Amino acid sequence: MASRRRDRTEGPHGPIDRVPLRDAAEGAPGRSRDGARVTRPERGIPVRAWITSRQSGEQLVDGEATAWTDAQVHVRYVDSHGREGFVWLWAGAVRRR
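Keep in mind it's a predicted model, so treat the numbers as computed, not measured.

**Q** Please explain the pairing of strand β5 (residues 72–78) as it appears in this structure.
**A** If a strand is regular, its side chains alternate between the two faces of the sheet. A large share of β5 lies buried, amounting to 5 of its 7 residues. Two elements, strand β4 (residues 57–68) and β5, share 6 bridges in a ladder whose sense is antiparallel. By the bridge assignment, A67 is partnered in β5 with H74. Connecting β4 to the next strand, β5, in antiparallel fashion are 3 residues. Bridge count for β5 against strand β6 (residues 84–90) is 7 bridges, and the pairing is antiparallel. What sits directly across from V75, in β6, is V87.

**Q** Can you help me understand the pattern of salt bridges in this one?
**A** Should their charged atoms come close, side chains of opposite charge can pair. Within this structure, the stated rule accounts for 6 salt bridges. R18 is the partner of E84 in a salt bridge, and the nearest nitrogen-oxygen pair spans 3.2 Å. Of the two residues, E84 is situated in strand β6 and R18 in the loop between β2 (14–17) and β3 (45–53); the sequence distance between them amounts to 66 residues. On the accessibility criterion, E84 (5% relative accessible area) is buried. Judged by its relative accessible area of 37%, R18 falls in the partly exposed class. With its nearest N and O atoms 2.8 Å apart, the salt bridge here joins R83 to D79. Judged by relative accessible area, R83 falls into the buried class, the value being 13%. Owing to a relative accessible area of 6%, D79 belongs among the buried residues under this scheme. Because the salt bridges share partners, they merge into one network encompassing R18, R76 and E84.

**Q** Please clarify how the pairing of β4 should be interpreted in this entry.
**A** Across 9 bridges, the pairing between β3 and β4 is antiparallel. Paired with R48 across the strands is D62, a residue of β4. The turn linking β3 back onto β4 is made up of 3 residues.

What counts and what doesn't
- Residues numbered from 1 in each chain as written.
- Predicted model: local features only at pLDDT ≥ 70, side-chain atom pairs only at ≥ 80, totals over all residues.
- Heavy atoms only, no water.
- Buried < 20%, exposed > 50% of the residue type's maximum accessible area, 1.4 Å probe, protein only.
- Helix = DSSP H or I, 4+ residues; strand = E, 2+ residues; numbered from the N terminus.
- Pairing = 2+ DSSP bridges.
- Salt bridge = Lys/Arg side-chain N within 4 Å of Asp/Glu carboxyl O.

Below you can see the structure in the form of structure tokens.
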């Protein structure tokens, strides 16, 4: 029987699972970023953001802003199950911590 490999990344306290595609956060449309100037800081900025996941529903999550435009923010977040995810969100759904 074949084993199923789970996507993991290394966190500050050891390995952390990635959010599976079936429960990934719904992001803002990529085409709305076409031609926009993207700012990428040297280090992520601590944020709190509202995400909507396909299976888990709406969640207020802690994360880091890793890039942004005038209208959207790219967020690395940890969901309520302790899994790491990445998503582009509308700026109104993101606040600095």
